[in-house]
Amino acid sequence: MSNYKTGTKCVQAGYSPKNGEPRQIPIYQSTTFKYDTSEEMGKLFDLEASGYFYSRLQNPTNDCVAARIAELEGGSAAMLTSSGQAASFYSVFNIASCGDHIVSSSAIYGGTYNLFAVTMKRMGIEFTFVAPDCSDEELEKAFRPNTKAVFGETIANPALDVLDIERFANAAHKHGVPLIIDNTFATPINCRPFEWGADIVTHSTTKYMDGHASGVGGCIVDSGKFDWTKYPDKFPGLCTPDNSYHGVTYTERFGLEGAYITKATVQLMRDLGSIQSPQNAYLINLGLESLQLRMKRHCENAQAVAEYVKAHDKIEWVRYCGLEGDKNYALGQKYLPNGSCGVISFGVKGGRKAAETFMKNLKLASIETHVADSKTCCLHPASATHRQMNDDELRGAGVSPDLIRFSCGIEEKEDIIADIAQALQTI
Ligand SMILES: *Cc1c(COP(=O)(O)O)cnc(C)c1O
């Protein structure tokens, strides 16, 4: 499939039925799988044979959908998780443990920030946050001898900063650690971070990939290119024998292409069990089939809405990297030349109060915690997703108290704009 274009992979990658088999990826709604002998099952447990035995670790429906996403990103292996949060957690925890350190962009999703700064800190993993536009010196200074990875978002939710992926990848590689990129907002339709040097990609499939607000989910994709074996002291979990699997060494047995995802599956999924349900994996797949078509429309609508609000006298400011003059315009042109995403942010004149009036008078766009969906929706992060942050932390994450995150759906752009126009009149 790898020679086909992205839009073709959306529809066909990851699953090719044989003679007489179902055309659509079947839902394997089964917790367990049957074997003729205990010996055969034993081989699965020893990782000597591949196959399914229990859906807490792996399920065939999930694996087809993960393989499709791996092809879309140009990766070597992938796994689905029950949520984007689980994907972010596993992506880091697979290579870092108590006493380790991670460098992260400060412009990341509020849930990820809390996971890193509070919950993972309690597990003994320290994070240093750097602004995505920090100087090279600041970025360099953030690294420590025990740093195990660098983390960032292609397009930050909700700050909409575009990450200079190449610059962060170079800094990570100079220190012998991988760059993990949350590519949720761009999707592999608009940016494939591996092409810019990233090593691992995560997704909240809840957003554009599912696209229809029907299932929470996540995905981790490995590029298969990071050479863990060059740094065996940094990554003992991948480069030295795992006693819980009779001494298997993941990099030796599964190669660079398979080591990271295999370890995440057989250790983290086994022990923590945040697996996607096959039903939801099926829904993600339906979303993937139309992902390229939808992303085009999301971007077209967002560009039109951004231009409309930018010219409106009741709007204080607008952020969208597709707008000339936006502080991320140049990065957007480099990393997202065909469009970024359907999400824009803006502030209305009159601050928080005016924002509330505007939002409650929208008729087509609804107020939701959700984002990146086929139905237009909006949110005031400072009073919702980011309410655990103080003003300094909000500013660090690029979220001003008056910021409205406006997620353009795939409706007709004239209707979205007319809705905004009538709601702005009520301020
Ligand atoms: C929503 C989101 C997440 C978390 O994903 P869930 O599926 O809600 O757990 C992570 N990263 C980004 C960029 C998101 O938008």
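Residues numbered from 1 in each chain as written. Predicted model: local features only at pLDDT ≥ 70, side-chain atom pairs only at ≥ 80, totals over all residues. Heavy atoms only, no water.

Student: Could you clarify how one ought to interpret the site of the ligand in this entry?
Tutor: Lining the immediate surroundings of the ligand are 15 residues, of which Asn157, Asp182, Ser204, Thr206 and Lys207 lie closest. A distance of 2.9 Å separates an oxygen atom of the ligand from a polar backbone atom of glycine 84. For the ligand, an oxygen atom lies 2.8 Å from a polar atom in the side chain of asparagine 157. If the ligand stood free it would expose 380 Å²; the protein chains cover 92% of that surface. Looking at the shell around the ligand residue by residue, the classes come out as three nonpolar, nine polar and three charged. (Near = heavy atom within 4 Å. Polar contact = N/O pair within 3.5 Å; in protein donor to acceptor, adjacent residues only side chain to side chain. Areas by Shrake-Rupley, 256 points an atom, 1.4 Å probe, with all protein chains shown as cover. Nonpolar A, V, L, I, M, F, W, Y, C, P; charged D, E, K, R; others polar.)

Student: What is the right way to look at the side chain of threonine 262 in this model?
Tutor: Tracing the chain through its elements places threonine 262 in helix α10 (residues 250-272). We classify threonine 262 as buried; its relative accessible area is 16%. Those residues in contact with threonine 262 that sit more than four places away from it in its chain are Tyr250 and Phe254. (Helix = DSSP H or I, 4+ residues; strand = E, 2+ residues; numbered from the N terminus. Buried < 20%, exposed > 50% of the residue type's maximum accessible area, 1.4 Å probe, protein only. Contact = heavy atoms within 4.5 Å.)

Student: What is the right way to look at the environment of isoleucine 181 in this model?
Tutor: Within the secondary structure layout, isoleucine 181 lies in strand β5 (residues 179-182). Residue classification places isoleucine 181 among the buried residues on the basis of a relative accessible area of 0%. Each C-alpha atom, one on isoleucine 181 and one on threonine 81, is 16 Å from the other, the two residues being 100 residues apart in sequence.

Student: Help me out: how do you make sense of the side chain of serine 104 in this one?
Tutor: With respect to the secondary-structure elements, serine 104 resides in strand β2 (residues 101-105). Judged by its relative accessible area of 0%, serine 104 falls in the buried class. Those residues in contact with serine 104 that lie beyond four places of it in its chain are Phe116, Phe127, Thr128, Phe129, Val130 and Phe151.

Student: Is there a simple way to think about the packing of aromatic side chains in this case?
Tutor: The geometry of an aromatic ring pair is captured by the separation of the ring centres together with the interplanar angle, meaning the angle of the planes. Per the counting criterion, the structure on display carries 17 aromatic pairs. Ring geometry for tryptophan 196 versus tyrosine 335: centroids 4.7 Å apart, planes at 70°, classification edge-to-face. Of this pair, tryptophan 196 sits in the loop between α8 (187-190) and β6 (200-204) while tyrosine 335 sits in helix α13 (residues 329-335), placing them 139 residues apart in sequence. The exposure class of tryptophan 196 is partly exposed, given its relative accessible area of 24%. Here the aromatic rings of tryptophan 228 and phenylalanine 235 are separated by 4.9 Å at their centres, their planes lie at 80°, and the arrangement is edge-to-face. The same class applies to tryptophan 228 as to phenylalanine 235, namely buried. Taken together, the ring pairs connect Tyr113, Phe116, Phe127, Phe129 and Phe151 into an aromatic cluster. (Phe/Tyr/Trp six-rings, centres within 6.5 Å; stacked < 30°, edge-to-face > 60°.)

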